[in-house]
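In case you want the letters, here they are:
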Amino acid sequence: MAARTLEARFERMSVNDENEYQKSKIVTTTTQLGHSTSRPNLYKVALQAGSANTVTAVTLPSQAAQRKGAQPPSPTRKPVASAVSRSSDELALAHVERKSATILIEQPSMKQFHLGMFEIGRPLGKGKFGRVYLARERTSGFICALKVLHKSEIQQGRVEKQVRREIEIQSNLRHPNILQLFGHFHDNKRVFLILEFAGKGELYKHLRKENRFPEWKASQYIAQMASALRYLHRKHVIHRDIKPENILVGIHGEMKVSDFGWSVHAPNSRRATMCGTLDYLPPEMLKPGSSDNSYNEKVDLWSLGVLTYEFLVGEAPFEDTPVMTQRRIARADMTIPSFVSPEARDLIKRLLVLDPEKRIPLEQVQTHPWIVKHCLKGERAANREKS
Ligand SMILES: Nc1ncnc2c1ncn2[C@@H]1O[C@H](COP(=O)(O)OP(=O)(O)OP(=O)(O)O)[C@@H](O)[C@H]1O
């Protein structure tokens, strides 16, 4: 794609972000930010790696950089072949290169963050342990999402390790379909994560609204997920909790994998836990006595199969009572409705294979006939929607 077209796209994206931010009322002062009344501060402050207000060194692209292309291009607008296999990875690399260049050229020194550097906009959502706000870095104008976690709640929920892991892993990832963590800092009571803003919110909400996705859309989403997972696995990261609730949608409708709280570096020294949603758990993680040696990155392939099914059918393949779900997963016992195309059916069956080693590899997912066929149609449909 011509450089000029790409630049125009980034320009639009940045303006969209800016409009979104301007629409949002400044809702709170920095001292009120993320204040929670739900849980008393009964516990000692956790996660005090340094002194209060210690800041972690990181860099943020400037607003100019956001315009120039520090944000990833939308794979949905790519010409077909490119949206399918190699080009998604190439896009990822180009994205990393552009971003590194931006950081080197425009932000030569490592930047240290604190709350006063951000204007806080509307709340974007609330999770179990934190609230997320639209925010703008004052100097650069960079629009981002600021996730605020209360240390007392993190400790009370015994998720210190999970939060540390999430920060450690996510801050080292750069891919257009993975939500970027630009940096983090903390004060006495709170931890702040500076995240890429995903303009179209939660994928789960889109899926519930549409009930199920048309095949062209599902195939584009799965191609992007395969590209993101391939990147993760190359970096020896297993996500382990792939499901619609953990995927956000970028301003151009692109997938943004988030929530690395259950991800691990492989090989992993911890015992297997029942960490994910039951519906998405692979058979090898359900086995009694399953240990770190009993599964590998192929667990994400199983979850990708469940995701493909849920995108197309509107519900997960093994949805049942908890006991029955486990039994059905252990036998890969599912029924694919007749309205699902033969190509999609083939891909689902090749992903939902009991033997992890026999699951279709990600590079073959990216070139599977269902992906190739529907990405072509999808490109046309997406262009029609936009014009
Ligand atoms: N980077 C982002 N851009 C846009 N919206 C976001 C972003 N991050 C989070 N949100 C919104 O805020 C909500 C809460 O996010 P958060 O990460 O705290 O929790 P969660 O992962 O959804 O839930 P849980 O804490 O249960 O895992 C999300 O569901 C989403 O709607």
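Scroll up to find the structure.
Keep in mind that what you see is a predicted model, and the values were worked out from it rather than measured.

### A look at the overall build of the protein chain
Along the backbone of the protein chain there are 14 helices and 11 strands. A burial count over the protein chain gives 56% of its 387 residues as buried. Across the protein chain, every contact between residues at least 6 apart in sequence was considered, and the portion connecting residues at least 24 apart equals 72%. Total accessible area computed for the protein chain in this model is approximately 17300 Å², and 52% of it derives from carbon and sulfur atoms.

### Section: the nonpolar core
In terms of nonpolar packing, the biggest core is built from 57 residues, with Ile222, Leu304, Leu307 and Phe311 touching the most fellow members. If we ignore the near neighbours within four places in the chain, the residues touching leucine 307 are Ile222, Met225, Ile242, Lys243, Pro244, Ile247 and Tyr280. By size, the runner-up hydrophobic cluster in this structure holds 15 residues, among which are Phe113, Met117, Tyr133 and Ile194.

### Side note on the site of the ligand
Surrounding the ligand, one finds 16 residues, the nearest of these being Lys128, Lys147, Glu196, Ala198 and Glu202. Interatomic distance of 2.8 Å between a backbone N/O atom of lysine 128 and an oxygen atom of the ligand. Interatomic distance of 2.7 Å between a backbone N/O atom of glutamate 196 and a nitrogen atom of the ligand. Protein coverage of the free-state accessible area of the ligand, which is 600 Å², stands at 82%.

### Topic: the packing of aromatic side chains
As enumerated under the stated definition, the model contains 8 aromatic pairs in all. When the centroid spacing of 4.8 Å and the interplanar angle of 15° are considered together, the rings of phenylalanine 185 and phenylalanine 192 count as stacked. Comparing phenylalanine 185 with phenylalanine 192 shows no difference in burial state: the two are buried. Each ring, one from tryptophan 302 and one from phenylalanine 318, has its centre 5.7 Å from the other, and the planes form 15°; the classification is stacked. Within this pair, whereas tryptophan 302 is found in helix H10 (residues 299-313), its partner phenylalanine 318 is found in the loop between H10 and helix H11 (322-331), the two being separated by 16 residues in sequence. A relative accessible area of 0% means that tryptophan 302 is categorised as buried.

### Describing the pattern of salt bridges
Overall, the coordinates contain 17 salt bridges when judged by the stated rule. Between arginine 190 and aspartate 187 there is a salt bridge, with the nearest N and O atoms lying 2.7 Å from each other. Relative accessible area serves as the criterion here: at 11%, arginine 190 is assigned to the buried category. When the shortest N-O distance is used, the salt bridge between arginine 359 and glutamate 284 registers 2.8 Å. Note that arginine 359 is positioned in the loop between helix H12 (342-351) and helix H13 (362-366) and glutamate 284 in helix H9 (residues 283-286), a separation of 75 residues in sequence. Given the relative accessible area of 4%, glutamate 284 is considered buried. One network of salt bridges, with partners in common, ties together Asp320, Arg328, Arg331 and Asp333.

### Looking at H10
Between its first and last C-alpha, H10 extends 21 Å over 15 residues, near the 21 Å set by a 1.5 Å rise per residue. In the stretch just after H10, glycine 314 is the one whose phi turns positive, near 95°.

### Describing the side chain of threonine 308
Within the secondary structure layout, threonine 308 lies in helix H10. Note on threonine 308: relative accessible area 0%, which makes it buried. At 2.7 Å, the side chain of threonine 308 and the backbone oxygen of leucine 304 are in polar contact. Other than its neighbours up to four places away in sequence, threonine 308 contacts Ile222, Ile348, Leu351 and Trp370.

### Digging into the sheet that holds strand E6 (residues 181-186)
Pairing in this open sheet of 5 strands is antiparallel, and the strands run E3-E4-E5-E7-E6 from one edge to the other. Here the strands that pair on one side only, and so sit at the sheet edges, are strand E3 (118-126) and E6. Put simply, the sheet's adjacent strands are angled 25° from each other on average, direction ignored. Here 6 bridges tie E3 to strand E4 (residues 130-137), and the two strands are oriented antiparallel to one another. Counterpart to lysine 126 in the pairing with E4 is arginine 131.

Reading the values: rules and limits
Residues numbered from 1 in each chain as written. Predicted model: local features only at pLDDT ≥ 70, side-chain atom pairs only at ≥ 80, totals over all residues. Heavy atoms only, no water. Helix = DSSP H or I, 4+ residues; strand = E, 2+ residues; numbered from the N terminus. Buried < 20%, exposed > 50% of the residue type's maximum accessible area, 1.4 Å probe, protein only. Contact = heavy atoms within 4.5 Å. Areas by Shrake-Rupley, 256 points an atom, 1.4 Å probe, with all protein chains shown as cover. Core = buried A, V, L, I, M, F, W, Y, C linked by side-chain atoms within 4.5 Å. Near = heavy atom within 4 Å. Polar contact = N/O pair within 3.5 Å; in protein donor to acceptor, adjacent residues only side chain to side chain. Phe/Tyr/Trp six-rings, centres within 6.5 Å; stacked < 30°, edge-to-face > 60°. Salt bridge = Lys/Arg side-chain N within 4 Å of Asp/Glu carboxyl O. Expected span 1.5 Å × (residues − 1). Pairing = 2+ DSSP bridges. Axes fitted to C-alpha atoms, helices over the stretch in contact; angles between N-to-C directions.

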